[in-house]
Amino acid sequence: MEHTSVTGLRVFVLRGVEARRDGVALEVPGRRLRSLLALLALTPGVPRRPEYLADQLWDGEPPSANALQALISRLRRVLGTDAVVSRPHGYLLAVAAEQVDLARFDRLLAEGTPAAAREALALAGPEPLAEFADVPDLADESRRIEAECWKARALAERAPAVHRAPPATVHRAAPAGVRLIGRDVLIAEITARLGTTRLVTLVGAGGAGKTSVAKAVAYAHDGAVVAELAPVGADAVAAEVLTAVGGRDLMVTERARRAADHRDYRTRVAATLADRSMLLVLDNCEHVVDAAADLAALILERCPRVTILTTSREPLAVPGEVRLPVNPLPVPPVDAEHARLGDYAAMQLLLERGRAVRPDLATDGADGEALAEICRRLDGIPLALELAAARFSLLTARQVADRLDDRFRLLTAGARTALPRQQTLRAVVDWSWELLDGQEREVLAACSVFVGGASLEDVEAVAGAEVLDVLGRLVAKSLVVADRLDDGAMRYRLLETIREYARARLAESGCERAARDRHAAYYARLAAEADPQLRGADQLRWIHLLDTEDDNLRAALAWALKRADAVTALSLSTNLSWYWMLRGRRDTQPLFAAVAELAEREGPTDCAQYAIVLALCAITSFDTGTEIDDSMALLNRSSAVFRGCGGYHTIAVLVDLLLSMSDAKRLADTVDRTQAAALAEGREWDAGLILMFRSRLLADEDTAAAEACTRKALELFRRVGDRWGIAESGQALGYVQSLRGEHRAALETFAEAGVVAEQLGATGDLGMIGLQRAWEHEFLGEPREADRIMELTERRMADRPGGVELRPYLLLTRAELARRRGDLETAAARLAESRKIADRGHFGPFRGQYEITAGFLAVCQGRPREAAGHFRDGLIAATTLLYDRSDVAFCIQGLAAAAEGAGQARQAAVLLGAVGVVRPAPLPAARQVDVARVAVKTRGALAPDEYERAFAEGRALTAQAALALARECAASLSR
């Protein structure tokens, strides 16, 4: 069946897919749509079978039965319905051969004349069909055209030299056909700079996309010329540029270029460009930087209307040069929400390229987290992301992410049409490495031992004292990134890909062990210097320093453990322990356990640092579900080592206090003894800590004495300048004020403590202060303000590291507030959610408060048996490690309510009397709502004298007897 060609339609595929109809450019959006047009353009006017097109476009597996039909419909909307014709055997592009640039290319070659060969080469451009490396027939066609071009160049050498400026369309940079992602702002800045300066250099690491950006800028400038310098040496730079601007006959071989006089070519370039107005792009200058700089300077001097844009991994250092970095694309942070992953340019690029081989790729579900990890670990480097995306045809996103430790073997599937040094990730970095001198390679390899960057002093300590100039050269060559921190300090880091490569080179050199030993020793000294400063007036500066060096400190400890260097491991772990506590780290228990095991295997075990590690193993185990007897055994071993060592140690004081906490009398004696020792040693910080322990002991017995202790502790912490101590003692003072009914004063105290906690960046303290403030407003009868504070606290915690650990307590507070207000349904929902979140980690630290809240809710719901079970478990939590007098009292109150609900009024009265034994200090009315309610009901169920006798019976018990009675009642009521 005949068809009519659309005479006004022109199709271009060689330099990037374009279409024009009646002189109007038509946008062909989407890579797959462009692939379809190119496939049809291979055989203009000849039908292509649907099966063939599906096989080329989707490897034979289109996403749906009508996917091809939908794509055809889209192409018709772009070109016109008459441009793509359906036939019984497929679809055809309704144009004649001469309307497609590819057919014209073949016709010119067939003429066999030098002039036709030159025209064909200009038509093909430097990278014909570059976009379609993964479309089989288009990739084959690209290779065929490349081969034809090589033959044509020899023929074109015989054509007469052209002394006029070539047409703008001949050497104009064509679009790559692949959409640039995340570069709009940069391209706009480059364009603006080119309007005010004559030399702009795009600098950046290999694979950052400098060439793509430069070509995009050039394509937008009429008459722009791109000179590709990657294939040539320094002596051929001017000749290559002369060829690009059309100022000489083509020379194909390197031998022919070398035979020419380089200086003569420089002069000819300047003469050719002297009267021309144009943008000249010098692409890939880093390996010929001196020659490129020399030529650029000459052009700037003699060619006043020429503007130059260069790409290089280091600047040309020519006067007047403006340097613009082509940075990696922004990557999603670790805590990015799944719904926001697509906002990051690195993710957009990975998704677009990945969907070319796996259309169902998405940021939600299982892929999202893995894709974000790939973006981060590949530093947002576009080439690396494209190589990773190519692997999605074989591997899942998670499999790719998991294999990035071996990235140089994994990322090898580059575009066939790319330069050889850009077809694999290793080739990209090899190119940069080969351009370094020996000293630069040595320093770069040494820098690979740093994790998270380093200051100049850090690098000097590990790589040698004379590194400043070398480091500067590595920064200039885009192999080291120089960051200016908020405080104005400079910090140097390697992108992860460069770091992995440099580390492999360090290992090959045989110097890795020595470099990592120096790194570990340096950071062990830093930690030892920092530890005492964390309790003084210079605390914030040292915390900031350790925050900055956190990754290096962890790496140093990991190396010490790997090397079985027990001395360094003990030093690092013990001197970092307080910093980790300040920062709320919850993952340190395995580290301390590993250090203790190493010390026991390699020694020493008779030093204070070993005793400290044993104590830290025990303290951190309380949050991990370890059996309490095992933890106490570790504390006893630690205490024994401390006694053997002799001398005064702060951690030894803490061990003594912890070993005494299950016995109120013993704890009181220990507090007296340790406080006297601390004052004798002049340890004001330690004395303040012990006073806080004493205040907690007294809070449920004598609030006036507790307040006096807390104020004294606050005074000591202020004297030494420790903000942590100020914030903690401030919270303790606010709590005591609340127990005395001074709720307004408590609010002021909590607010002051919050300011200091904010300075420290103490997420946990800030969250708890927010909850305490909400309770004070509730006690004052201000529920709206309480809710406002709760909402504010939740919002603040949501965006902070560690906020997730506070979430169960926030929900628990929501549940208790709802219960007090009579909204039992909301209370039950919040309580269940809090337990669910807590169960994801370790339930232990949260358990006592949860059981008390759950018990009181069950009472309100009329389920006394269930309530008694919760209070039974609450008593276990309140007495296992330490005797928490407040929680024991709450459990006894709750058991009184459960007994009253079960019809055991007399038992309830006895329990109410026992509450005062456990917690002698009277509470204000706002804190006694549950007790008052139970007392009223119990009095109503008993004769007045019977209630008083039962109450007095409970009040006559000892604290130990009251606890025993509570346990017995909990057991009987929960049966």
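Residues numbered from 1 in each chain as written. Predicted model: local features only at pLDDT ≥ 70, side-chain atom pairs only at ≥ 80, totals over all residues. Heavy atoms only, no water.

1. Re the overall build of the chain
The secondary structure content of the chain amounts to 47 helices and 12 strands. A compact globule built from 975 residues should have a C-alpha radius of gyration of about 30 Å, whereas the chain, at 38 Å, is more than 25% larger. In terms of principal-axis extent, the alpha carbons of the chain reach across some 125 × 70 × 50 Å. Of all 975 residues assigned to the chain, the portion counted as buried reaches 52%. Long-range pairs, those at least 24 residues apart, make up 68% of the contacts in the chain between residues at least 6 apart in sequence. Of the roughly 42200 Å² that the chain leaves accessible, carbon and sulfur atoms contribute 51%. (Helix = DSSP H or I, 4+ residues; strand = E, 2+ residues; numbered from the N terminus. Rg over C-alpha atoms; globule rule 2.2 N^0.38 Å. Buried < 20%, exposed > 50% of the residue type's maximum accessible area, 1.4 Å probe, protein only. Contact = heavy atoms within 4.5 Å. Areas by Shrake-Rupley, 256 points an atom, 1.4 Å probe, with all protein chains shown as cover.)

2. A closer look at the environment of Val 936
Structurally, the position occupied by Val 936 is in helix H45 (residues 929–941). For Val 936, a relative accessible area of 60% puts it in the exposed group. Between the C-alpha atoms of Val 936 and Gly 233, which are 703 residues apart in sequence, the distance is 97 Å.

3. What to know about the sheet that holds strand S3 (residues 24–26)
On the basis of which strands lie adjacent, the open sheet formed by 3 strands has the order S1-S2-S3 and antiparallel pairing. Looking at strand neighbours, the two that pair on one side only are strand S1 (9–12) and S3, the edges of this open sheet. Within the sheet, the average angular offset between the axes of one strand and its neighbour, ignoring direction, is 25°. (Pairing = 2+ DSSP bridges. Axes fitted to C-alpha atoms, helices over the stretch in contact; angles between N-to-C directions.)

4. Focus: helix H28 (residues 589–602)
Two residues of an α-helix separated by three or four positions point the same way, owing to the 3.6 residues in each turn. The end-to-end C-alpha distance of H28 is 20 Å, a good match for the 20 Å that 14 residues give at a rise of 1.5 Å each. Every buried residue of H28 is listed here: Gln 589, Phe 592, Val 595, Ala 596, Leu 598 and Ala 599. Of the residues one or two after H28, Gly 603 is the one with positive phi, at around 80°. (Expected span 1.5 Å × (residues − 1).)

5. Observations concerning the UniProt feature "domain: OmpR/PhoB-type" (unreviewed entry) in the chain
According to UniProt, the positions carrying the feature "domain: OmpR/PhoB-type" (unreviewed entry) are residues 23–93. In the segment residues 23–93, helix accounts for 48% and strand for 15%; the C-alpha atoms at its two ends are 18 Å apart. (UniProt positions renumbered as here; feature names shortened; annotations may be inferred.)

6. Quick notes on the packing of aromatic side chains
Given two aromatic rings, one states the distance between the centres and the angle between the planes to describe the pair. Scanning the model with the defined rule gives 12 aromatic pairs in all. When the ring of Phe 717 is compared with that of Trp 724, the centres are 6.3 Å apart and the planes differ by 85°; the resulting orientation is edge-to-face. Since its relative accessible area comes to 11%, Trp 724 is described here as buried. Taken together, the ring pairs connect Trp 578, Trp 685, Phe 717 and Trp 724 into an aromatic cluster. The ring of Trp 685 has Arg 535 lying over it, and the distance from NZ or CZ to the ring centre is 5.3 Å. Across from the ring centre of Phe 890, 5.2 Å away, lies the NZ or CZ of Arg 919, which sits over that ring. (Phe/Tyr/Trp six-rings, centres within 6.5 Å; stacked < 30°, edge-to-face > 60°. Lys NZ or Arg CZ within 6 Å of the ring centre and 35° of its normal.)

7. Notes on the pairing of strand S10 (residues 322–325)
Of the two faces of S10, only the one carrying Val 322 and Leu 324 is buried; Arg 323 and Pro 325 on the other face are not. Bridge count between strand S6 (residues 199–203) and S10: 4 bridges; the pairing is parallel. The residue bridging Val 203 from the neighbouring strand is Pro 325, located in S10.

8. Describing the nonpolar core
Ranked by size, the top nonpolar core spans 168 residues in total, and within it Leu 350, Ile 374, Phe 392 and Leu 444 carry the most contacts. In terms of residue count, helix H29 (residues 608–621) provides more of this core than any other element does, 10 residues in total. Core analysis: the next-biggest nonpolar cluster, separate from the first, contains 53 residues, Leu 9, Val 17, Ala 54 and Phe 105 among them. (Core = buried A, V, L, I, M, F, W, Y, C linked by side-chain atoms within 4.5 Å.)

9. Considerations on the pattern of salt bridges
This structure, assessed with the given rule, holds 67 salt bridges. Its salt-bridge partner being Arg 949, residue Asp 945 comes within 3.2 Å of it at the nearest N-O pair. Of this pair, Asp 945 and Arg 949 both sit in helix H46 (residues 944–955), 4 residues apart, which is roughly one turn of the helix. Each of the salt bridges in this network shares a partner with another, and the network as a whole consists of Glu 778, Asp 787, Glu 794, Arg 807, Arg 814, Arg 821 and Glu 833. (Salt bridge = Lys/Arg side-chain N within 4 Å of Asp/Glu carboxyl O.)

10. Points about helix H38 (residues 783–798)
Look at H38: 22 Å from first C-alpha to last across 16 residues, which is about the 22 Å you get at 1.5 Å a residue. By the burial criterion, the buried members of H38 are Ala 786, Ile 789, Met 790, Thr 793, Glu 794 and Met 797. Down the axis, H38 shows its buried residues gathered within 135° of arc, on one side only. In H38, the exposed positions that point more than 90 degrees away from the buried face belong to Arg 784, Arg 795 and Ala 798. (Arc of directions from axis to C-beta.)

11. Some remarks on the sheet that holds strand S7 (residues 225–228)
Strand order across the open sheet formed by 5 strands is S7-S8-S9-S6-S10, with parallel pairing between neighbours. Each end of this open sheet is capped by a strand with a single partner; those strands are S7 and S10. In this sheet, adjacent strand axes meet at a mean angle of 20° when their direction is disregarded. The pairing of strand S8 (residues 278–283) with strand S9 (residues 306–312) spans 5 bridges and is parallel. Bridging across to S9, Val 281 finds its partner in Leu 309. Helix H9 (residues 210–219) contacts S6, S7, S8 and S9 of the sheet and is inclined by roughly 160° relative to S9. Where helix H10 (residues 237–244) meets the sheet, its contacts fall on S7 and S8, and the angle it forms with S7 comes to roughly 150°.

12. So, the environment of Gly 204
Relative to the elements of secondary structure, Gly 204 occurs in the loop between S6 and H9. On the basis of relative accessible area, Gly 204 is assigned to the buried category, the value being 7%. Separated by 123 residues in sequence, Gly 204 and Asn 327 place their C-alpha atoms 6.2 Å apart.

13. A short note on unusual backbone geometry
Note the cis peptide between Gly 603 and Pro 604, where omega equals 5°. With respect to the secondary-structure elements, Pro 604 resides in the loop between H28 and H29. A positive phi angle, near 60°, is found at Ala 564, a position not held by glycine. Considering the arrangement of structural elements, one finds Ala 564 in the loop between helix H26 (550–562) and helix H27 (566–582). The class for Ala 564 is partly exposed, based on a relative accessible area of 30%.

14. Examining the packing of helix H1 (residues 31–42) against helix H3 (residues 67–79)
The contact between H1 and H3 brings their axes to 10 Å, and the two run at 80°. Relative to H3, H1 is oriented roughly perpendicular. Across the interface between the two elements, Arg 32, Leu 33, Leu 36, Leu 37 and Leu 40 of H1 pack against Leu 71, Ile 72, Arg 74, Leu 75, Val 78 and Leu 79 of H3. (Parallel < 35°, antiparallel > 145°, perpendicular 65-115°, else oblique.)

15. A few points about the environment of Leu 545
Of note, Leu 545 is situated in helix H25 (residues 539–548). The class of Leu 545 is partly exposed, set by a relative accessible area of 27%. With 75 residues separating them along the chain, Leu 545 and Thr 620 place their C-alpha atoms 24 Å apart.

16. Some details on the side chain of Ser 631
Its location among the elements puts Ser 631 in helix H30 (residues 628–645). The buried category is assigned to Ser 631, whose relative accessible area is 0%. In this structure the side chain of Ser 631 is engaged in a polar contact, spanning 2.6 Å, whose partner is the side chain of Ser 621. (Polar contact = N/O pair within 3.5 Å; in protein donor to acceptor, adjacent residues only side chain to side chain.)

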